[in-house]
Structures are given as structure tokens and as C-alpha cells.
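Fold and geometry: a report
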Amino acid sequence: MPNWLLPENIADVLPSEARKIEELRRLLLDNFRLYGYELVMPPMLEYLESLLTGAGQDMSLRIFKLVDQLSGRTMGIRADMTTQVARIDAHLLNRTSVTRLCYAGSVLHTRPSGLHATREPLQIGAEIYGHKGLEADAEIQELALASLSLAGMTEVRLDLCHVGVLRAIVENDAKAQKRENELFTLLESKDVPGLRVLTQDFDVSTREALLVLPSLYGDASTIARAREVLPNLPGIANALDELELLSSQAGKASVTIDLADLRGYHYHSGVMFAAYVPGLPNAVARGGRYDHVGEAFGRARPATGFSMDLRELARLLPIAERKRAIRAPWGTEPALRQKIAELRKAGEVVIQALPGHENDQDEFDCDRAVVFENGNWTLTKLG
Ligand SMILES: N[C@@H](Cc1c[nH]c[nH+]1)C(=O)O
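Along each chain, residue indices are assigned from 1 in the same order as the chain's sequence is written. Local features in a predicted model are, by the rule used here, given only for residues with pLDDT of at least 70; side-chain atom pairs are given and counted only at 80 or more, and totals for whole chains, interfaces and linings are based on all residues. To obtain the side-chain values, all non-hydrogen atoms of the structure were included, while hydrogens and water were left out.

We now examine the pairing of strand E13 (residues 323-329). Here the rule is simple: two strands pair whenever DSSP picks up at least two bridges between them. Working definition: helices are DSSP H or I runs of at least four residues, strands are E runs of at least two. Numbering for both runs from the N terminus. Of the pairings in the sheet, the one linking E13 to strand E15 (residues 364-373) comprises five bridges and is parallel in character. Counterpart to Arg327 in the pairing with E15 is Ala369. With four bridges joining them, E13 and strand E14 (residues 350-353) adopt parallel strand pairing. Each bridged residue has a counterpart across the sheet, and for Ile326 the counterpart in E14 is Val350. Note that the unit made of E13, helix H15 (residues 334-345) and E14 has a crossover that is right-handed. When the strands point away from the viewer, a crossover counts as right-handed if the route from the first strand across the helix to the second turns clockwise.

So this is what it looks like as C-alpha cells:
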């Protein structure tokens, strides 16, 4: 095998793509800042226990593991930055007020999350800690949609669901409680025959509610349908109220309610959303409430947030136009160097041609040049 081959679902990012990704990263982080989010940079790897704290069991399967030569302990490479940021909020910042944090960095997945998905997403996201009301969820939803709009996505579908519905159904039935994880898996894949088998000895009302969940899918009117067919439990009513409010605040995005869509990491505790755009089978952004992660770190803090993969998002954007640039000769003469410095200070790309490579500026469109004319270095247009 040639030694320049990369592992499956791992890829280099070449110049034009890298530029799109980087421009998007700056645009989104700058926008997060306008909403008051502070940037944090958690480490690429940590002790495994810490990465697993508060995260669902599926997280362990997603994490690459290695041994720390200094401590002999097992370390993991992060598969998701959200729980790392929750750790920062819980332990390092120790604030009692509302804290808004954002981040951007590579994560690694042992397996790709979709057919053509990369195993090294470039995750960018924002999280709010310290507010348990729906207002924080609404802000996160707005920020996620604003981010997609900034990235040029005009057609967005927002799938909303709520862990509270399943939790309320299951809490009522001791047998169902013991099988909660299996229920999650079957509901995620909408495996109704599997659900029928698993729920055989559950309470009749629990069973009926669980079997109807996969069919509670569709536009916002699904909420009214759910109120009719699901048991009248306070947890369910509350979850449906929350979904109703958020679906009314989705702006131009088209809203779909899917009460069985509990995909993603199993740390979410309330409303969850996934955003889809044409051309991408996997969700382009995911988010939701996860109030118990901070608790697992020893400091209960309500939390909600969203994240997305910049690589996936950038793939959907048109190829960036070649940037205009200025060609300059290579030289050490002070007047030439000063002219070049001035142009760069003014934001121009100036590429000094190395001797013998005068026409090698693939990435750039050199439409001007610095030339020596009448005793001065001046700028001239190239035809
Ligand atoms: N990190 C989660 C989404 C999320 C961010 N904050 C809360 N939820 C994911 O990638 O699925």
C-alpha cells in the first residue's frame, strides 16, 4: 500500500476547501461573539473517564483510545466538544450567572456517522449554561438558524423532538424503565416490530404510547395529534408545550416534529433539534438541552447548545472565487519591500515570485503587479 494513502473517512483538506472552511469558521465565531459567547479551547485529548462523564454509553464507542506514557492511564481523543465545554463551565469558571461559551475544533470518531461522513469533523458550536427556561433553548435555536443563514443555506428544515416525552412514558412503568436504552435504540430506527416484542409485558397504556411514538411525525400539527393520542401526563404536556413554542420561533425554516427521533449523543434531557439542508443526508446541525452533564461533573447547571460540522457545511458552498492578488518580484531592495508592506497593510494579497517560478500562483488571480517604472515601484494592471 502506498505510504501516502490515508485511512478511510479521513482526508486532507486542499487549499480551496480549506479557505472556505476557515472563512466560515471566522464568520460564525464572529457572529457568536455578537451574541456574547466567549471562545474556549478544550484539549484534543483527556483522560477517558472525563470524556465519558455525563455522556451516554454510546460515547465510549465513538472515542479513539490511547495510553498516556506519563501516567499510564487511558486517554481518549474527544468525539464531541460539548461535554468538555460543560466541564469547563462546571469546574473552571465556577460562575453562578448565565455563561455563554463557544468553540471550534477537530473531533475524531472511531466510525463515520453516515455513509460519506468524515471521521474527523471540525466541530463548531455554542452553549448556554445557567438558565433552565425555554428562552435559552430559543436563543440557541435562533443562533443555529442564523449560523446556517450566514453560511448561505436558504432552505432549512428543522426537526424538533423532546426527550421528555419518552421519559414521561417510561417513568410510569417500572418494566419500561429497566429497558430504556433498548427503547431508545428501537425508537431511533423506528423499529415498530422490535418495539412490539420489547413492550409485550409492559403496562397497556405504556405499550400503546410507545407504539404510537414512531408515527408522531410531520408538520407542527403533529403536536395537536400527540396531545390527543398520548397519555395525559404532566411531563408529556410540558414537552409538547415547549415544542409548540420553539416551532413557532423557527423563522423561515420549515419545521418537522418527530417524537421518536432521539438520535445523537444520549446526554440530552429536554428539547432536541436537528437541522437539515438539501444535498446532505445527515443533519448539518444538532442541539438541545442537557441539564445533567454538569451534575455529573459535580455542579448541576442547566445547559443547552448546538454544534455543527464546518467541513460538511463548507462542502455545500460553491467553490470560492479565486482571490485577486498582486504579483511582485522577489528582492531585498528597501523601496520594493516598503511598497509590498504598504499594499499588504491595506489588505492586498501580494505574492513575491520566487526566482524561476514567476507564474506559479494557482490559488490566486494575479490581476496586478508591482513593477519598477521611472525610478519608482508602482502598481500596474495586468491584461
Ligand atoms: N454536540 C451535540 C449537539 C449539542 C451541542 N450542545 C448540545 N447538544 C452533537 O454533536 O450532537
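Here the narrative resumes, following the displayed structure.
Turning to the packing of helix H5 (residues 134-150) against helix H12 (residues 234-247), a few remarks are in order. To define axes, lines are fitted to C-alpha atoms, for helices over the stretch in contact only, and angles between the resulting N-to-C directions are given on a 0 to 180 degree scale. It is the contact of H5 with H12, at a shortest axis distance of 10 Å, that shows an interaxial angle of 40°. As far as their axial angle goes, H12 and H5 are oblique. For H5 against H12, the interelement crossing comes out right-handed. Along the contact surface, H5 presents Leu134, Asp137, Ala138 and Gln141, while H12 presents Glu242, Leu245 and Leu246. Looking at the contact of H5 with H12, its residues break down into four nonpolar, one polar and two charged. Convention used here: angles under 35 degrees read as roughly parallel, angles over 145 as roughly antiparallel, angles from 65 to 115 as roughly perpendicular, and any remaining angle as oblique. Each crossing is labelled by how the near helix is turned from the far one, with a counterclockwise turn of less than a right angle marking it left-handed and a clockwise turn marking it right-handed. We call two residues in contact whenever any of their non-hydrogen atoms come within 4.5 Å of each other. Just so you know the grouping, Ala, Val, Leu, Ile, Met, Phe, Trp, Tyr, Cys and Pro go in nonpolar, Asp, Glu, Lys and Arg go in charged, and all remaining residues, Gly too, go in polar.

Turning next to a nonpolar patch on the surface. Side chains of Met44, Leu45 and Leu66 sit close together on the surface and give an oily, nonpolar patch of about 200 Å² of accessible area. Here Leu45 shows up in strand E2 (residues 45-47). Three labels apply to residues, based on accessible area from a 1.4 Å probe with only protein chains included: buried if under 20% of the type maximum, exposed if over 50%, partly exposed otherwise in between. Look at Leu45 and you get partly exposed, because its relative accessible area is 32%. Like-charged residues within 9 Å of one another, or nonpolar side chains (Val, Leu, Ile, Met, Phe, Trp, Tyr) within 5 Å, are grouped into patches, provided each residue has over 30% relative accessible area and no salt bridge. Surface exposure here means Shrake-Rupley accessible area, sampled with a 1.4 Å probe, where a residue is shielded only by the protein chains that are shown. In what follows, salt bridge is the name for a side-chain nitrogen of Lys or Arg lying within 4 Å of a carboxyl oxygen of Asp or Glu.

This part is about the site of the ligand. If even one non-hydrogen atom of a residue comes within 4 Å of a molecule or strand, that residue is called near it. The environment of the ligand is formed by 14 residues, the closest being Asp80, Thr82, Glu127, His268 and Ser307. Between Gly305 and the ligand, the recorded distance is 3.3 Å, taken from a backbone N or O atom to a nitrogen atom. Pairing of N or O atoms within 3.5 Å defines a polar contact, subject to two protein rules: one partner must be a possible hydrogen donor and the other a possible acceptor, and residues neighboring in sequence count only if both atoms are side-chain atoms. A distance of 2.9 Å separates a nitrogen atom of the ligand from a polar side-chain atom of Ser307. In isolation the ligand offers 300 Å² of accessible surface; the protein chains occlude 95% of this area. Grouping the constituent residues of the shell around the ligand by class yields four nonpolar, seven polar and three charged.

UniProt positions are given in the numbering used here, feature names are shortened, and annotations may be inferred rather than shown by experiment. Under the feature "binding site: L-histidine" (unreviewed entry), the UniProt entry names Asp80, Met81, Thr82, Gln123, Glu127 and Arg263. If you trace the backbone, Asp80 turns up in the loop between strand E4 (74-77) and helix H4 (82-93). Here Thr82 takes part through its side chain, which lies 3.3 Å from a polar atom of the side chain of Asp80. For Arg263, the position within the fold is in the loop between strand E9 (254-258) and strand E10 (271-276). For Arg263, a relative accessible area of 36% corresponds to the partly exposed category. Non-local contacts of Arg263, meaning those with residues more than four positions away in its chain, are made with Glu188, Met272, Tyr276 and Arg286.

A general tendency of soluble globular proteins is for nonpolar side chains to be buried together. We call a set of buried Ala, Val, Leu, Ile, Met, Phe, Trp, Tyr and Cys residues a nonpolar core when their side-chain atoms join them within 4.5 Å. Membership of the largest hydrophobic core comes to 74 residues, with the highest contact counts inside it found for Phe32, Leu213, Leu230, Leu259, Phe306 and Leu313. Here this core takes eight residues from H5, the largest share from any one element. Residues contacting Leu259, with those up to four places away along its chain left out, are Val165, Leu213, Leu216, Ala226, Leu230, Leu240 and Leu243. Of all hydrophobic cores here, the second largest spans 21 residues; its members include Met59, Ala79, Met81 and Phe297.

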